[in-house]
Amino acid sequence: DVKVTQSSRYLVKRTGEKVFLECVQDMDHENMFWYRQDPGLGLRLIYFSYDVKMKEKGDIPEGYSVSREKKERFSLILESASTNQTSMYLCASSPNVPGGSSDEQYFGPGTRLTVT
Amino acid sequence: GQQVMQIPQYQHVQEGEDFTTYCNSSTTLSNIQWYKQRPGGHPVFLIQLVKSGEVKKQKRLTFQFGEAKKNSSLHITATQTTDVGTYFCAGMPVRGSARQLTFGSGTQLTVLP
């Protein structure tokens, strides 16, 4: 069964703290993604990775960095958390299917981060 | 960059009524996907449309992809309380980074019993 797990469901951090959000998938997927979800804005892509040690910026990378040292793990880092980074963070993964016949993304349960 | 607009933002229907959500992209898409997110849950893939003019059905759900591959719709016939949730479309551009999706803002469906 397909599974994407995230390290925490809820997290409360103080302004200025360094925050690590971890995501692990057990499907041997090449692609992994980090989104943030805010009411009325849908899902916005922060960063994604299509291979180990590879990363690309999404639509809103400012204030975030990522790390992918192993295929199954993709970490999101907030170098200095700010209150405007309070949000729901969703990790997803997808396989590279020849011919692009299915680009389905599998999502983790999400981490609700509050920065005070 | 690519933008995907989705309307309406909210929809309340009586159980048994139909429901439609619409999605429009600023650029031509390689494919479009639809996801459902139940309250308190995470998005779950429903379907992917690839061909111009494509229509696919899943029981009471009908998905369409426009001829120009820039718009799409999801129609639910005779809604049930189990249909409650937020429905997102997500478009993959023809050009640009592989496998990167741009999500619409979602339509939150409430079904009144």
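Residues numbered from 1 in each chain as written. Chains lettered and ligands numbered in written order. Predicted model: local features only at pLDDT ≥ 70, side-chain atom pairs only at ≥ 80, totals over all residues. Heavy atoms only, no water.

Draft legend 1. Broad picture of the packing of aromatic side chains. Under the definition given, this model contains 12 aromatic pairs over all chains. Aromatic side chains B:Phe88 and B:Phe103 sit 6.4 Å apart centroid to centroid with 80° between the ring planes, which places their arrangement in the edge-to-face category. Note that B:Phe88 is positioned in strand S9 (residues 85-93) and B:Phe103 in strand S10 (residues 102-103), a separation of 15 residues in sequence. Neither B:Phe88 nor B:Phe103 differs from the other in exposure class; each is buried. Members of the aromatic cluster, connected to one another through ring pairs, are A:Phe33, A:Tyr35, A:Phe48, A:Phe107, B:Tyr35, B:Phe45, B:Phe88 and B:Phe103. (Phe/Tyr/Trp six-rings, centres within 6.5 Å; stacked < 30°, edge-to-face > 60°. Helix = DSSP H or I, 4+ residues; strand = E, 2+ residues; numbered from the N terminus. Buried < 20%, exposed > 50% of the residue type's maximum accessible area, 1.4 Å probe, protein only.)

Draft legend 2. Structural context of the sheet that holds strand S3 (residues 19-25) of chain B. Residues and elements named next belong to chain B. Spatially, the five strands line up as an open sheet ordered S1-S3-S8-S7-S6, and their pairing is antiparallel. The strands lining the two open edges of the sheet, one partner per strand, are strand S1 (4-7) and strand S6 (55-58). Recorded for the sheet is a direction-independent mean angle of 15° between the axes of neighbouring strands. By the bridge criterion, four bridges tie S6 to strand S7 (residues 61-65) in an arrangement that is antiparallel. Bridging from a neighbouring strand, valine 55 pairs with glutamine 64 of S7. (Pairing = 2+ DSSP bridges. Axes fitted to C-alpha atoms, helices over the stretch in contact; angles between N-to-C directions.)

Draft legend 3. Seen up close, the sheet that holds strand S3 (residues 19-25) of chain A. Residues and elements named next belong to chain A. The antiparallel open sheet is built from four strands, whose spatial order is S1-S3-S8-S7. With one partner strand each, in any of the chains shown, strand S1 (4-6) and strand S7 (64-70) form the two edges of the open sheet. Averaged over all adjacent pairs, the angle separating strand axes in this sheet is 20°, with direction ignored.

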